[in-house]
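# Coordinate analysis (summary)
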Amino acid sequence: MALLNRRWVANLIVAVPPLHRWINRIIINKIVGQARYRPHPFSTMSAYSSWSSLTDRTWSGRHLGVSEIDPDLLPDPDDLKNLFKRPDGTQRMCPKSTCLFPAFAQYLTDGFLRTVPEKDPRTGIMDGNNRKRNNSNHEIDMCTLYGRTPEQVQALREDKPGKERRGHLRSQIIKGEEYPPFLFRDGEIAPEFQSLDWPLGLHKLLAACEDENPQIAAGAVLMRDALFAVGGDRVNSVPQVSMLNTIWLREHNRLARELGKRHEDWDDERVFQTARNILIVEFIKIVVEDYINHIAPVAMPLIADPKVCWNAPWNKSNWITTEFSLLYRWHALIPDRITWGGQDLPVDKSYLLNNLPLLNVGVKRAFEDMSAQVAAELGARNTTDELLDIEKDSIRQGRICQLASYNDYREYLGRERVKTFKEISSDPEVQRMLEDAYSDVNRVDFFVGIFCEDRVKASPLPQTILSFVALDAFSQALPNPLLSQHVFEPEAFKNGEIDEHPTFTTWGFEQITTCTSMRVVVARNVEEPETLGRIAMTQADWQGE
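Residues numbered from 1 in each chain as written. Predicted model: local features only at pLDDT ≥ 70, side-chain atom pairs only at ≥ 80, totals over all residues. Heavy atoms only, no water.

Per an unreviewed UniProt entry, the chain is named Heme peroxidase, and its organism is Leisingera methylohalidivorans DSM 14336.

Here it is as C-alpha cells:
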C-alpha cells in the first residue's frame, strides 16, 4: 500500500511540469550537497596541497586526505578475498536489474574512470604510481566512441567523405547492419588506427593467436579479427559493451546524415561537430533519466534539467576522484552465464575481447537479450573465483592511494560512524569475517566497507556506493559545457530572435528533448523498430521492495 501511495504521489508530481522541475531541483541539490563541492583540496599527487596538485589532472582527485592508519595494522589484501568469495559457489541475483544495467554502467564509466595500468600495454614498463593517475578528459565526452585526443578523433572519422557521408564516423556493413570498422587488417592493426589506445588485454589475445594448440590459435585469431576500431580501450572488453558503442555509432551517423540533408551548405567539419554536440547531450540525458532513475530508490523520476546547475555553488570543473574509480568495481553484477540469441555462454576468459556473439545475433536481438536477463547482486560474498584477484587488486589500489577508512567516508557523507561490524552488514558471516580481519571497525578499508554494506531496498546498490554514484553523476554530468546556460539556452534562441539553435540546430534540439531512454536510441537505429522488444535496465516483473 505504501508503495502504491508513493507511486500515486510521484505520478501527480510528474503531471505538473513546473512542480516536477522544482522538486527535481531540490532533490538534486540535496544529493550533491552530501559532500564538499569541487575543487577538492586533495589529489593523489601528494599528501599535501600544492599548485601542481591543484592543477595537474593527470593525477586522480580525492575527497579526503591520506589515511592516518598504520598500513602494518591492516590485513593482507589476499586474506580479504574471502569477503567477496561465494560461500557455496551459488550466485545471488539482483531482484531489480537486467544485464543492460551493468553493461551501461561499464560503458559510461569507461569514458572517465581511466586509471592508468601499472604495466604499459605496449612497452611492458611497470610504474606503481600509475594507480594514482587518470588519463581521461574528466568529462562525459563520449571518448569511448570518439576517442580521447584529436588524433584519435580524426582516425575514427570518415576519410574524405562525399556529400552523403559528411560528418560521419567510419563504419562498415555486416549482414545489412552498421558496425565500427575492424581494428586489425591482415593480422596487424590497420595503419589508420595506430593512434588508438590498445584494447586492454590485447597482448594476451595476441599471444593466444600464436599458441601451439591449433584450435586455441584459430579461435583467438577469429576474436582478434573481430575487434572494433573504437575510441576507448575498454569498449571491446565484452560484447555487450561493444553493443552499446555500436548503437551510439549508428546514432551519430544518423544525426550527421539528417543534418547534412537539412544543411546542404555545411562542410564535413560542421556536420560532424554538430552531430557530436547533440549526441553527447543525448547520452547525458540517458545517464540521468534512464540509468540514474534505475538506481534511485525513489518513485518520482529525476530529469536532466541543466537549469538546476546554472547558478548552483557546485557548478565546478570536473575532476574524477580515485574513490569514484574504486567504488565502480561492479564485477559481481555480471552473471556467470549470458544468453546470446538462444546460445548460453559462460562469462570466462573466452568471453573477453570477443565480439563474435554480438556479430552473430545483431544489435537488435542483443539489446533484447540483455534486457531479458537478470543481473547478479552487488555485494559481499558474490564474486566468481575468476575475479577474486581483481577485488584484491582494488583493495591494494586503495592502499597505494592511501585512502582514508570506510568510517571516515561515512562521516564525510554526513552519516553516523559505525561502532560495530553489525552496523556495516546484516550478514552474520560477513560481520564475523570483518571482525576477524580488522578487529577494530575504524580500520576497515574504504573498498571493503562499501561493498560489505547491505543493498538498499529498491536499488541495486549498497548505501555508500549509491550516495557517491548519485552525487558524482549529477555534479559531473550537469556541469558539462554543452549544458551551460549560454550554450544550451542562448538568449537569442530563447527569446525567439533566431529560429535555429546555434549549437544543436532546432531539429537537433528536438532529438535531444525526445531522447529519454536507451529504448528510444535503439528504436531510432534498427530495422523494423515497431517489432523491437522490451529494452530496459529494470526487470519486467519488478514491483518494488
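Following the structure, the description resumes.
## What about the packing of helix α10 (residues 268–295) against helix α19 (residues 463–477)?
Axis angle and axis distance: for two packed helices, these are the angle between their axes and the distance between the axes, and together they describe the pair. Where α10 contacts α19, the axes come no closer than 11 Å and their chain directions differ by 165 degrees. One way to sum up the angle between α10 and α19 is to call them roughly antiparallel. Handedness of the crossing formed by α10 with α19: left-handed. Between α10 and α19, the contacting residues are I284, V288, I292 and I295 on the first element and L466, V469, A473, F474 and A477 on the second. Classifying every residue of the contact of α10 with α19 gives nine nonpolar, no polar and no charged. (Axes fitted to C-alpha atoms, helices over the stretch in contact; angles between N-to-C directions. Helix = DSSP H or I, 4+ residues; strand = E, 2+ residues; numbered from the N terminus. Parallel < 35°, antiparallel > 145°, perpendicular 65-115°, else oblique. Left-handed = near helix turned anticlockwise from the far one by under 90°. Contact = heavy atoms within 4.5 Å. Nonpolar A, V, L, I, M, F, W, Y, C, P; charged D, E, K, R; others polar.)

## Section: α10
With 28 residues, α10 extends 39 Å from end C-alpha to end C-alpha; this agrees with the ideal 40 Å at 1.5 Å per step. At V287, α10 shows its maximal bend, which comes to roughly 30 degrees. In terms of burial, α10 is largely enclosed, as 24 of its 28 residues are buried. (Expected span 1.5 Å × (residues − 1). Bend = angle between axes of the 7 residues up to and from the residue. Buried < 20%, exposed > 50% of the residue type's maximum accessible area, 1.4 Å probe, protein only.)

## Looking at the side chain of T322
Structurally, T322 is set in helix α12 (residues 322–327). The class of T322 is buried, set by a relative accessible area of 1%. Beyond its immediate chain neighbours, meaning those up to four positions away, T322 contacts T44, S60, G61, R62, Q397, C401 and L403.

## As for the packing of helix α2 (residues 17–32) against α19
The contact between α2 and α19 brings their axes to 8 Å, and the two run at 115 degrees. What the angle tells us is that α2 and α19 run roughly perpendicular. The handedness of the crossing between α2 and α19 comes out as left-handed. In this structure, α2 contributes I28, I31 and V32 to the contact, and α19 contributes A470, L471, F474 and S475. Classifying every residue of the contact of α2 with α19 gives six nonpolar, one polar and no charged.

## Quick look at the pattern of salt bridges
For side chains of opposite charge, pairing can occur when their charged atoms come near one another. All told, the structure shown has 38 salt bridges when counted by the stated rule. The shortest N-O distance in the salt bridge between R86 and D336 comes to 2.7 Å. Here D336 lies in the loop between α12 and β8 (337–340) and R86 lies in the loop between β2 (61–62) and β3 (93–98), a separation of 250 residues in the sequence. A residue is classified by how much of its surface remains accessible, and R86, at 8% relative accessible area, is buried. (Salt bridge = Lys/Arg side-chain N within 4 Å of Asp/Glu carboxyl O.)

## Let's talk about the packing of aromatic side chains
Each aromatic ring pair is described using two quantities: the centre-to-centre distance and the angle formed by the ring planes. A full pass over the atoms with the stated rule returns 21 aromatic pairs. Both rings, one in F446 and one in F468, keep their centres 6.2 Å apart while their planes meet at 85 degrees; by these two values the pair is edge-to-face. Residue F446 is found in helix α18 (residues 446–452), and its partner F468 is found in helix α19; the two are separated by 22 residues along the sequence. Among the aromatic side chains, those forming a connected cluster through ring pairs are F101, F104, Y107, F112, W248, F283, Y291, F324, Y328 and W330. Positioned above the aromatic ring of Y179 is the side chain of R250, whose terminal nitrogen or guanidinium carbon lies 5.5 Å from the ring centre. We note R276 situated over the ring of Y146; from NZ or CZ to the ring centre the distance is 4.9 Å. (Phe/Tyr/Trp six-rings, centres within 6.5 Å; stacked < 30°, edge-to-face > 60°. Lys NZ or Arg CZ within 6 Å of the ring centre and 35° of its normal.)

## Details of helix α15 (residues 388–400)
Here α15 spans 19 Å end to end across 13 residues, near enough to the 18 Å set by a 1.5 Å rise per residue. The set of residues buried in α15 consists of L388, E391, S394, I395, Q397 and G398. At its buried positions, α15 is contacted by α12 and α18. Among the residues trailing α15, Q402 stands out with phi positive, at a value near 55 degrees.

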